[in-house]
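So you can see what is in the structure, the chains are spelled out below.
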Amino acid sequence: MNAPLKSNESAHTPAMSEHEYKEAKFFQTFGSIPSPAFHDPEEQTRVWGRPWGCTTDVGKLRAVLMHRPGDELNIVENKPMPEIGGFGDPEKGWYWIGKTLPDLAAMQAAHDKFTALLRAEGVDVILIDKAAPGAMKQIYCRDSVIAVKGGAIVTRLARKVRRGEELAVTRALAKAGCPIIGTLHGEAVFEGGGFAILDEKTAVCSVSVACNPEGVRQVEVLLNSVGIDLIKVPMPGYRIHIDGSFIMVDHDKAIVNINELPYVFIQELEKRGIQMIELPPEDNAFSLNCLALAPGRVLMHETRTPRLADRLARAGVEVLTIDYECVELGGGGIHCSTGPLARDPA
């Protein structure tokens, strides 16, 4: 049995002290305000200067991360590796595909034409000031950053020669004022060429040597936090990136290399009503490596793509072209050279 209350005790909560009262009034007036969300466009503009991130792979491109090739390519030496069809040094981790060594002047000229075209399209080209030491693939910015609602995810690159690009990317994003909503850690590896956005609520990624299960898990957690589901597509053999087989070019159109995609993913695209424009079998795989500048408006390599360009035109997709072959010899093309940071919503 409870003891009876004494005459000077109360059954109610003791009255607040003056300090406690003022503290409560303070937090009632100036307390936590979780809404609007971090990625709300008005909130982003007020705090970060513009709405950052991408909810589509084809919305009007507003900002992109790029790197003009430079002295980092000096690591490439005349060390032929016929077994890979080019040059390489397994100990240092670098490789270069093709019969000739890199032509830095030609690469810089091609990259300058590329960035000039983007700026003429109204795109804010954000350049990495300096590559990581020996990072001879820093030009391929697609792999080191993913943009989703509200900002960027800095990835962790799989191959030895690419480790360290993350720091140069992080510095460039910070300098530009782009919020970083996550980074990969531990033994996770994930490269942006293995990632694509289908719509505002759905993304897809490869599961491969460049996007391991731990990397996929960490990316999925970040995506889920902004309401995006992730479809995982196991890549065959040593295929590393989904952008070698699938690239969106309009809200309901995609280029596909039909023989390198699992049937279940093809079914998913059909279910979503996405028109698949097949890569002609006689075309080089790099024909697919293009960049959507806006819905139904893409930039492609001018000499590799006549058959695919015809198919795109028949599907109502406008095609712009540049010569980018000297850069492609390094292992990546137009799509690989760009890390979109902001696009208009669908």
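Everything below is about the structure shown above.
These figures come from a predicted structure and were not determined experimentally.

*Asks:* Go over the sheet that holds strand β2 (residues 80-81), please, and point to the residues and values.
*Replies:* Strand-to-strand pairing in sheets goes through backbone hydrogen bonds, with the strands running parallel or antiparallel. One open sheet holds the 3 strands; their spatial order is β2-β3-β4, and the pairing between them is antiparallel. Because the sheet does not close on itself, it has two edges, and the strands there are β2 and β4 (94-97). As defined by bridge partners, strand β3 (residues 86-89) adjoins β4 across 4 bridges and the pair is classed as antiparallel. The partner of Gly 88 across the bridge, within β4, is Tyr 95.

*Asks:* Requested: an account of the nonpolar core, with residues and values cited.
*Replies:* Grouped together as the largest cluster of nonpolar side chains are 30 residues, with contacts concentrated most on Val 204, Phe 246, Val 249, Phe 265 and Leu 312. Of all the elements in the fold, those that place two or more residues in this core are β9 (195-199), β12 (246-250), β13 (253-256), α6 (263-271), β16 (297-301) and α7 (306-314). Among the elements that take part in this core, β12 stands out by supplying 4 residues, more than any other. Residue contacts for Phe 246: discarding those within four places in its chain leaves Ala 196, Leu 198, Val 204, Ala 254, Ile 255, Val 256, Leu 261, Phe 265, Leu 269 and Leu 288. Listed in part, the 28 residues of the second largest apolar core include Val 125, Tyr 140, Ile 322 and Tyr 324.

*Asks:* Let's hear about the packing of aromatic side chains: which residues, and what values?
*Replies:* Geometry of an aromatic ring pair is reported as the spacing of the ring centres plus the angle between the planes. The full count for this structure, using the stated rule, is 5 aromatic pairs. Taking the centre distance of 5.5 Å and the plane angle of 40° together, the rings of Phe 26 and Phe 30 count as tilted. Of this pair, Phe 26 and Phe 30 both sit in helix α1 (residues 18-30), 4 residues apart, which is roughly one turn of the helix. On the basis of relative accessible area, Phe 30 is assigned to the exposed category, the value being 61%. An angle of 65° between the planes, with centres 6.0 Å apart, marks the rings of Phe 38 and Trp 48 as edge-to-face. Here the residue Phe 38 occupies a position in the loop between α1 and α2 (41-48), and Trp 48 occupies one in helix α2, the gap between them amounting to 10 residues.

*Asks:* Would you mind going over α1 in detail, with residue names and values included?
*Replies:* In a regular helix each residue adds 1.5 Å, so 13 residues correspond to 18 Å; α1 covers 18 Å between its end C-alpha atoms and thus fits that length. With respect to burial, α1 is a largely exposed element, only 0 of its 13 residues being buried.

*Asks:* Run through unusual backbone geometry, naming residues and quoting values.
*Replies:* Backbone torsion omega between Ser 35 and Pro 36 reads 0°, so that peptide bond is classified as cis. Within the fold, Pro 36 resides in the loop between α1 and α2.

*Asks:* Account for the pattern of salt bridges, with residues named and values stated.
*Replies:* As enumerated under the stated definition, the model contains 24 salt bridges in all. In this structure, Glu 43 engages Arg 46 in a salt bridge whose closest nitrogen and oxygen atoms are separated by 3.5 Å. Residue Glu 43 and its partner Arg 46 are located together in helix α2, separated by 3 residues, close to a single helical turn. When its relative accessible area of 22% is taken as the criterion, Glu 43 is described as partly exposed. When the shortest N-O distance is used, the salt bridge between Asp 344 and Arg 62 registers 2.9 Å. Here the residue Asp 344 occupies a position in the segment after β18 (339-343), and Arg 62 occupies one in strand β1 (residues 61-66), the gap between them amounting to 282 residues. Owing to a relative accessible area of 27%, Asp 344 belongs among the partly exposed residues under this scheme. Here the residues in one salt-bridge network are Asp 199, Glu 268, Lys 271 and Arg 272, joined through shared partners.

*Asks:* Run through the sheet that holds strand β15 (residues 291-294), naming residues and quoting values.
*Replies:* Reading across the sheet, the 3 strands line up as β15-β16-β17 and stay open at both edges, with mixed pairing between neighbours. Every other strand in the sheet has two partners, leaving β15 and β17 (318-322) as the edge strands with one partner each. Along the sheet, successive strands turn relative to each other by an average axial angle of 35°, direction set aside. Here 3 bridges tie β15 to β16, and the two strands are oriented antiparallel to one another. Bridge pairing in β16 links Leu 291 to Leu 299. Seen against the sheet, helix α3 (residues 104-120) touches β15, β16 and β17 and runs at an angle of roughly 25° to β15.

*Asks:* How would you summarise the environment of Ser 206 if you had to cite specific residues and measurements?
*Replies:* Here Ser 206 shows up in strand β10 (residues 202-207). Along the backbone, Ser 206 and Ile 242 are 36 residues apart, and their C-alpha atoms lie at a distance of 5.5 Å. Among the polar contacts made by the side chain of Ser 206, one reaches the main-chain amide nitrogen of Ile 242 at a distance of 3.2 Å.

*Asks:* Before we move on, could you go through a nonpolar patch on the surface and cite the residues and values that matter?
*Replies:* Together, Phe 26, Phe 27 and Phe 30 line one region of the surface with nonpolar side chains, adding up to about 380 Å² of accessible area. With respect to the secondary-structure elements, Phe 27 resides in helix α1.

*Asks:* So what's going on with the side chain of Glu 166? Which residues, and what values?
*Replies:* Along the chain, the position of Glu 166 falls in helix α4 (residues 165-176). In this structure, Glu 166 is in contact with Val 154, Thr 155, Arg 156 and Leu 157, ignoring residues within four places of it in sequence.

*Asks:* Explain the state of the cysteines residue by residue, including any values.
*Replies:* Per the stated rule, a full pass over the model turns up 0 disulfides. Left without a disulfide partner, Cys 290 is nearest to the cysteine sulfur of Cys 336, which lies 11 Å away. With relative accessibility at 0%, the residue Cys 290 sits in the buried group. The thiol sulfur of Cys 326 is not disulfide-bonded, and the nearest other cysteine sulfur, from Cys 336, lies at 14 Å. Its relative accessible area of 22% is what places Cys 326 among the partly exposed residues.

Scoring rules and cut-offs
Residues numbered from 1 in each chain as written. Predicted model: local features only at pLDDT ≥ 70, side-chain atom pairs only at ≥ 80, totals over all residues. Heavy atoms only, no water. Pairing = 2+ DSSP bridges. Helix = DSSP H or I, 4+ residues; strand = E, 2+ residues; numbered from the N terminus. Core = buried A, V, L, I, M, F, W, Y, C linked by side-chain atoms within 4.5 Å. Buried < 20%, exposed > 50% of the residue type's maximum accessible area, 1.4 Å probe, protein only. Contact = heavy atoms within 4.5 Å. Phe/Tyr/Trp six-rings, centres within 6.5 Å; stacked < 30°, edge-to-face > 60°. Expected span 1.5 Å × (residues − 1). Salt bridge = Lys/Arg side-chain N within 4 Å of Asp/Glu carboxyl O. Axes fitted to C-alpha atoms, helices over the stretch in contact; angles between N-to-C directions. Polar contact = N/O pair within 3.5 Å; in protein donor to acceptor, adjacent residues only side chain to side chain. Patch = residues over 30% accessible without salt bridge, like charges linked within 9 Å, V, L, I, M, F, W, Y side chains within 5 Å. Areas by Shrake-Rupley, 256 points an atom, 1.4 Å probe, with all protein chains shown as cover. Disulfide = S-S within 2.5 Å.

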